[in-house]
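Breakdown of the fold
Okay, here's what each chain looks like letter by letter:
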Amino acid sequence: MKKIYTFCFFIILVVQFSLATGWSSKFEPQKVFIENKGQFKIHETSGFDPKVSYAFDGNSQRYYFTKSGVVFELSEVKKPAENAREEREKKEQMKKGMSAEEHAKMEREERRMDITKDELRAQWVGANPNVEIIAEGRSSSYFSYSFKDGKGVDVNENQISGFEKLTYKDLYPNIDVVYEMHPTSGIKYSVIVRPGGDVSKVRLQYSKNAHLLANGDIKTRSRFGDFVDHAPATFYADNKMPVSSSYVLKNNIISFSVGNYDHSKTMVIDPWTKTPAFNTQWQCVWECQKDAAGNVYIIGGVMPMQLLKYNSAGTLQWTYNTPYDTSNCWLGTFAVDNAGNSYVTAGSVAQIEKVNTAGGVVWNNSTVTGIFANTEFWTISFNCDQTQLVVGGTGGTLLSITPYIYNIDMTSGNVLNSAQVTGGALIPTEEVRAITACGNGNYYFLTHDSIGYIHQGLTSCLPPGSSLPFHVSNGYNFGYKCEDFRVNNTGIRAIKSFAGYIYTHRGNQVHKRNFNTGAPV
């Protein structure tokens, strides 16, 4: 199988933006506490407040903060591994051909992801049930989420703030608890004991079996490794003079033993809860675009796929969490217009949404009209003056899956018209995997084995009577899945037009091609 390693192309784009403006950025979770506007939910447990006030959203790790305490949720998304026998059987079946039902079953199996979850609940025992949670240190960027409310209605909440610190004011009488994100892993929480506070009242109960180690740390096992509560550092707030302290653990309830100290002074008990470290292959950028003002937009991640905007100086403006994730579809693609509006697709379920330059959803079309039963959206492009938006992918039915290009209504996401651009067969399936506009009024496209063009009106560029647009062999003969980097089915940014030529790449090669014939020059 030929493979296209699309990450090479994406990295080049990121470096180009960085060199042009003197900045770079890494795709990783922001270490802030995000206000909950309905996007974060946990299931109710006896005695534990299920209402989330704030959350750290780390994709594979989420920490939910309620008035009762904290829920640490861990998740891992993996493509199920096939053994050698299963792989051989699938290849033989594809060689012999498949029925429509067999092909549909294979598609479902290919999309399936194994999602493993675990959680640790840390509940403050005997604490103030009406504690005031104070958020401080508002981040300069904000967040946007699309999700379903309690009635199953699609909701978009935009301009949600994130904060650097949470204070549980008077969680116990004259005792506050302050949470901050640790720069390496997990969270720091500080127990602030003011004059009159009784440290023996502070008790934190874990939902899993915890073990006190000889070095004073506490270890709690999960499916993904150990939570480690490092032995607390305790000191006076005014002069940082140390006070002896240690954990006390009984029946999975953590409390604190402190030495003699001046009760007229404020004392700080400062532990660090380190969460399990496990590798994820999903913290990476899939695509990168920019608008006319030089703002940079990227998509990355899988649970869900996220859209991020940076200004021309490299400062993050906002993060939009799309409704698309690998638990329900193969991810799609996106394009940004000159004004800064983004159009994002889900690949295998043919959905598209428009996100404005402020990170708000303008429309989300999950039931695109005027399309066929087997439509998929893999690649996207504007025409040269950005008055048209086209999406390449597939059309037809399971009995005839064929490469299609769709003209999308930019005000609704509906399909205005469409065109089949080459012939197709059930096995191997042909799809439009890359598309670009050109100054001569045509769209140029790549399928698995061909390169061609079609007029931007989606009409044939050949004489009357020709059934298909111009297309010839691209010399690549890509495998059905195109590439393996995303462990996913996806489109590719593999074709561009510049200065009277077409340029394509196959991962390890770039070809300059004749404008009219598609042949390498």
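This write-up is about the structure you can find in this document. (Residues numbered from 1 in each chain as written. Predicted model: local features only at pLDDT ≥ 70, side-chain atom pairs only at ≥ 80, totals over all residues. Heavy atoms only, no water.)

Looking now at the overall build of the protein. Secondary structure assignment for the protein yields three helices and 35 strands. Within the protein, the fraction of its 521 residues that count as buried is 53%. (Helix = DSSP H or I, 4+ residues; strand = E, 2+ residues; numbered from the N terminus. Buried < 20%, exposed > 50% of the residue type's maximum accessible area, 1.4 Å probe, protein only.)

Turning our eyes to something else, we now look at the pairing of strand 14 (residues 245-250). Pairing between strand 14 and strand 15 (residues 253-258): six bridges, direction antiparallel. Bridged to V248 within strand 15 is S255. Count of turn residues in the strand 14/strand 15 antiparallel hairpin: two residues, of which N251 carries a positive phi of about 55 degrees. (Pairing = 2+ DSSP bridges.)

Applying the stated criterion across every chain, the model contains zero disulfides. Free of any disulfide, C384 has its nearest cysteine sulfur in C438, 6.5 Å distant. Note on C384: relative accessible area 52%, which makes it exposed. (Disulfide = S-S within 2.5 Å.)

Looking now at unusual backbone geometry. Positive phi, normally seen in glycine, also occurs at Q159, with a value near 55 degrees. With respect to the helices and strands, the residue Q159 is situated in strand 7 (residues 154-172). For N251, which is not glycine, the phi torsion reads 55 degrees and is therefore positive. Tracing the backbone through its elements, the reader meets N251 in the loop between strand 14 and strand 15. Given the relative accessible area of 62%, N251 is considered exposed.

Bringing the nonpolar core into the picture now. What tends to happen in soluble globular proteins is that the nonpolar side chains get buried as a cluster. Counting residues in each nonpolar core, the largest one holds 42 residues, and the members touching the most others are F65, W124, Y179, Y189 and V191. Per-element tally for this core: the top contributor is strand 7, with five residues. The residues contacting F65, other than those within four sequence positions of it, are F33, K51, V52, S53, Y54, A55, F56, V70, L166, Y168, Y179 and I187. In terms of nonpolar packing, the next biggest core, distinct from the first, is built from 18 residues, C284, L331, V336 and A346 among them. (Core = buried A, V, L, I, M, F, W, Y, C linked by side-chain atoms within 4.5 Å. Contact = heavy atoms within 4.5 Å.)

For the rest of this paragraph, the subject is the sheet that holds strand 21 (residues 331-336). Strand pairs in the sheet, formed through backbone hydrogen bonds, run parallel or antiparallel to each other. If you trace the four strands from one edge of the open sheet to the other, you get 21-22-23-24, paired in antiparallel fashion. Both edges of this open sheet fall to strand 21 and strand 24 (361-365), since each of them pairs with a single strand only. Averaged over all adjacent pairs, the angle separating strand axes in this sheet is 15 degrees, with direction ignored. In this structure, strand 21 lies alongside strand 22 (residues 342-346), joined through four bridges in antiparallel fashion. Among the inter-strand pairings, V336 is bridged to a residue of strand 22, identified as S342. (Axes fitted to C-alpha atoms, helices over the stretch in contact; angles between N-to-C directions.)

On the secondary structure map, N59 appears in the loop between strand 2 (54-58) and strand 3 (61-65). A residue is classified by how much of its surface remains accessible, and N59, at 17% relative accessible area, is buried. In this structure, the C-alpha to C-alpha distance between N59 and L74, residues 15 residues apart in sequence, is 8.7 Å. Other than its neighbours up to four places away in sequence, N59 contacts P29, S75, M303 and Q306.

This brings us to the sheet that holds strand 33 (residues 495-498). Spatial ordering of the open sheet is given by 33-34-35, a layout of three strands whose pairing is antiparallel. In this open sheet, the two strands that pair with only one neighbour each are strand 33 and strand 35 (510-514). Strand-to-strand, the axes of this sheet are offset by a mean angle of 25 degrees, without reference to chain direction. Of the pairings in the sheet, the one linking strand 33 to strand 34 (residues 501-505) comprises four bridges and is antiparallel in character. Each residue of the ladder has a partner; that of I495, found in strand 34, is T504.

Our next topic: the pattern of salt bridges. In the structure shown here, the tally under the stated rule is 13 salt bridges. The residue R121 makes a salt bridge to E119 at a minimum N-O spacing of 2.8 Å. A relative accessible area of 6% means that R121 is categorised as buried. Beyond isolated ion pairs, a larger network of salt bridges with shared partners links K169, D170, D176 and R194. (Salt bridge = Lys/Arg side-chain N within 4 Å of Asp/Glu carboxyl O.)

Within this structure, the stated rule accounts for 22 aromatic pairs. Seen in terms of ring centroids, Y343 and W363 are 6.2 Å apart; in terms of plane orientation they differ by 55 degrees. Their pairing is tilted. Here W363 lies in strand 24 and Y343 lies in strand 22, a separation of 20 residues in the sequence. Counting every residue linked through ring pairs, the aromatic cluster contains F33, F65, W124, Y168, Y172, Y179 and Y189. Residue placement shows R121 over the ring face of F48; its charged tip is 5.2 Å from the ring centre. Positioned over the ring face of Y236 is K265, at 5.2 Å from the centre of the ring. (Phe/Tyr/Trp six-rings, centres within 6.5 Å; stacked < 30°, edge-to-face > 60°. Lys NZ or Arg CZ within 6 Å of the ring centre and 35° of its normal.)

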